[in-house]
Amino acid sequence: MTLELWDKKIESMPSEKLKELQLKRLKELINRVYANNKYYKKKLNEAKVKPSDIKSLKDIEKLPFLTKNDLREYYPFGLVCTEIDEIVEVHASSGTTGKPVVGPYTRNDVDLWGEVMARSLWANGLRKNDRMQNSYGYGLFTGAHGFEKGAQKIGAMVITISSGNTKRQIDVMKDFGSTAIACTPSYSLYIAEVAEDNGLDPKSDFNLKLGLFGAEAWSEEMRTNVEKRWGITAHEHYGLTEIIGPGVVSECKHKKLHINADHFYPEIIDPNTGETLENGEEGELVFTTLTKEAFPAIRFRTKDLASIVEGKCECGRTLPIQSRIKGRSDDMMKVKGVIVFPSQIEAALMQVSGVSDNYQIVKSKKGDMYELSVEIEPTDERWAEGHLDNLEKKAEDEIYSILNLHVPVKAIEPKTIPRSTGKAKRVIER
Ligand SMILES: [Zn+2]
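As the structure is a computational prediction, the values presented were derived from the model and not from experiment.

Looking at this model, I keep getting lost on the coordination of the zinc ion. Mind explaining?
Expected angles at a metal are 109.5 degrees for tetrahedral coordination by four donors and either 90 or 180 degrees for octahedral coordination by six donors. Cys252 (SG), His258 (NE2), Cys313 (SG) and Cys315 (SG) make up the full set of protein donors to the zinc ion, lying at 2.1 to 2.3 Å. Mapped onto the polypeptide sequence, the residues donating to the zinc ion form the spacing pattern C-x5-H-x54-C-x1-C. With Cys252 in the loop between strand S10 (249-251) and strand S11 (257-259) and Cys315 in the loop between strand S15 (308-309) and strand S16 (321-322), this pair connects stretches of sequence that are 63 residues apart. Take Cys252 and Cys315: they sit in the same class, and that class is buried.

So this is what it looks like as structure tokens:
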């Protein structure tokens, strides 16, 4: 097989060479933030670390973590390490809990972002002759802009439709001959549903072949459903506003998430003790941006749980591989002593024939304890058949086989759970 990589030198670099590059960049980074940002300087002084103490990659463990609370404290531009005038673009997260997280970019940061996104989209199979329907919401949010920059760097056509107006999405997809769609996986399913309601077959009435999905936790089982529904190959994108936006990892044809570790240095830590874990162990993902100028993040705690392995992939890339995100530590629920992630319930439900892609997990508080139940929408055909208690029982058994926990399941009328044009809200509190 010929190696078809966007940046062959970096993506297939021997691991020892990559580590040399990371160390060189880490030293430069620490020198730079120490000299240019009073917050970082104070934080390093408090930890009794000087830039000259960084002699090996392992020395990164001497540095303090950066948390979301730090970012809120220095909102909006307190952590900027260049002159403010050097900033040419600003993004921000939605800020559902408190102040939003701000992502400022210099000219070089914007170029870097385009480069890592091009690397990612190229790894997914996007090429110059593709037409990418960009159905992420344009605005302060990073998603749409990152995908646009990467696709344009490859030379693909970007259809800047943004999210929402679902009927129009379908018209444009058909008329413009979109070959790729970029949006949340749940929004793609909603578009498929509306297409079907309008008498179209998502598999045969469009030219779509690639799904470029992200910004949402979704299971492998849901990926299979999306692929079958549209007749496409679906790829996962992972990124964070604090790091750069999408573009932190590149998913290859073998569906392995290669971390762009020449720019984003990854660690896995024990979320309780902060101790660094070995390769292959599951824990909290921590990233250090090695090359970003305006807002370098040093040891940012993502709260996302995953593991990392090194070693060459079948695709030829040597960049370390990150597992799918098991869930955010914030989303973890403890029910009757059992740890539950929404993605585990999703994986169970997707195994049951007759259950559609639409479900919601209902969390209710009884005293100090949480109780869980699940509402599912059967497919139209299954709903028409009746005897829904059989379907509910099958779903409960499937959840029990994964979690060893009884979670009551209720089948509700198709198309009653609210649809989203962005991130789906899978867990609600009642
Ligand atoms: Zn690979």
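Still to come is the rest of the account.
What am I meant to see in the pairing of strand S12 (residues 264-269) here?
A regular strand places its side chains so that they alternate between the two faces of the sheet. When you tally the buried positions in S12, you get six out of six residues, the bulk of the element. Side chains Phe264, Pro266 and Ile268 of S12 all project onto a buried face; the interleaved residues Tyr265, Glu267 and Ile269 project onto the opposite face, where all are buried too. Taken together, the six bridges between S12 and strand S13 (residues 283-289) define a ladder with antiparallel strand orientation. Directly across from Phe264, in S13, lies its bridge partner Thr289.

Which parts of the structure should I look at to understand the sheet that holds strand S22 (residues 409-411)?
In a beta sheet, neighbouring strands pair by backbone hydrogen bonds and run either parallel or antiparallel. The mixed open sheet is built from four strands, whose spatial order is S22-S21-S20-S23. The outermost strands of the open sheet, each flanked by one partner alone, are S22 and strand S23 (427-429). The mean angle between the axes of side-by-side strands here comes to 30°, regardless of whether they run parallel or antiparallel. Here three bridges tie strand S21 (residues 369-378) to S22, and the two strands are oriented parallel to one another. Across the sheet, residue Glu375 finds its bridge partner in S22, namely Lys410. Against the sheet, helix H10 (residues 342-349) engages strand S20 (355-366), S21 and S23, with an angle of about 140° to S20.

In this structure, what is going on with the environment of Glu275? I would like to understand it.
Structurally, the position occupied by Glu275 is in the loop between S12 and S13. For Glu275, a relative accessible area of 51% corresponds to the exposed category. Ignoring sequence-local partners within four residues, the contact set of Glu275 consists of Ile268, Ile269 and Asp270.

Please clarify how the side chain of Ser250 should be interpreted in this entry.
With respect to the helices, strands and loops of the structure, Ser250 is situated in strand S10. Only 3.0 Å separates the side chain of Ser250 from the side chain of Ser120, close enough to count as a polar contact. Not counting the four nearest positions on each side in its chain, Ser250 is found in contact with Val116, Arg119, Ser120, Ala123, Lys256, Leu257, His258 and Asn260.

Could you clarify how one ought to interpret the nonpolar core in this entry?
A general tendency of soluble globular proteins is for nonpolar side chains to be buried together. Of all hydrophobic cores here, the largest spans 68 residues; its most connected members are Leu66, Leu126, Met132, Leu212 and Phe287. Residue contacts for Leu212: discarding those within four places in its chain leaves Leu121, Asn124, Leu126, Met132, Tyr136, Phe147, Ala180, Ile181, Ala182, Cys183, His235 and His237.

Would you mind showing me how to read the sheet that holds S11 here?
Across the sheet, four strands lie side by side as S10-S11-S16-S15; this open sheet has antiparallel pairing. Because the sheet does not close on itself, it has two edges, and the strands there are S10 and S15.

Help me understand unusual backbone geometry in this model?
Most peptide bonds take the trans form, and the phi angle of most residues other than glycine is negative. The residue after Tyr75, namely Pro76, is reached through a cis peptide bond having omega -10°. Here Pro76 lies in the loop between helix H4 (68-73) and strand S1 (87-92). Residues other than glycine seldom take positive phi values, yet Lys48 does so here, at roughly 55°. Secondary-structure assignment places Lys48 in the loop between helix H3 (38-46) and H4.

Mind showing me how you'd approach the pairing of strand S2 (residues 102-106) here?
Among the five residues in S2, five count as buried, and that is most of the element. By the alternation rule, side chains of S2 split into Val102, Pro104 and Thr106 and Gly103 and Tyr105, which are all buried. Pairing between S1 and S2: five bridges, direction antiparallel. The partner of Ala92 across the bridge, within S2, is Val102.

Please explain a nonpolar patch on the surface as it appears in this structure.
On the surface, Phe77, Ile84 and Val90 cluster together to form a nonpolar patch covering roughly 240 Å² of accessible area. For Val90, the location among the structural elements is in strand S1.

Which parts of the structure should I look at to understand the packing of H10 against helix H12 (residues 388-403)?
Helix packing for two helices is described by the angle between their axes and how far apart those axes are. Two numbers describe how H10 lies on H12: the axes approach to 8 Å, and their chain directions differ by 130°. Classified by the angle their axes make, H10 and H12 are oblique. The chirality of how H10 crosses H12 is right-handed. For the pair H10 and H12, contact is made by Gln344, Ile345, Ala347, Ala348 and Leu349 and by Ala395, Glu398, Ile399, Ile402 and Leu403, respectively. Here the residues of the contact of H10 with H12 sort into eight nonpolar, one polar and one charged.

Here is what the cut-offs are and how they apply
- Residues numbered from 1 in each chain as written.
- Predicted model: local features only at pLDDT ≥ 70, side-chain atom pairs only at ≥ 80, totals over all residues.
- Heavy atoms only, no water.
- Donors = N, O, S within 2.8 Å, 3.2 Å for Na, K, Ca; no water.
- Helix = DSSP H or I, 4+ residues; strand = E, 2+ residues; numbered from the N terminus.
- Buried < 20%, exposed > 50% of the residue type's maximum accessible area, 1.4 Å probe, protein only.
- Pairing = 2+ DSSP bridges.
- Axes fitted to C-alpha atoms, helices over the stretch in contact; angles between N-to-C directions.
- Contact = heavy atoms within 4.5 Å.
- Polar contact = N/O pair within 3.5 Å; in protein donor to acceptor, adjacent residues only side chain to side chain.
- Core = buried A, V, L, I, M, F, W, Y, C linked by side-chain atoms within 4.5 Å.
- Patch = residues over 30% accessible without salt bridge, like charges linked within 9 Å, V, L, I, M, F, W, Y side chains within 5 Å.
- Areas by Shrake-Rupley, 256 points an atom, 1.4 Å probe, with all protein chains shown as cover.
- Salt bridge = Lys/Arg side-chain N within 4 Å of Asp/Glu carboxyl O.
- Parallel < 35°, antiparallel > 145°, perpendicular 65-115°, else oblique.
- Left-handed = near helix turned anticlockwise from the far one by under 90°.
- Nonpolar A, V, L, I, M, F, W, Y, C, P; charged D, E, K, R; others polar.

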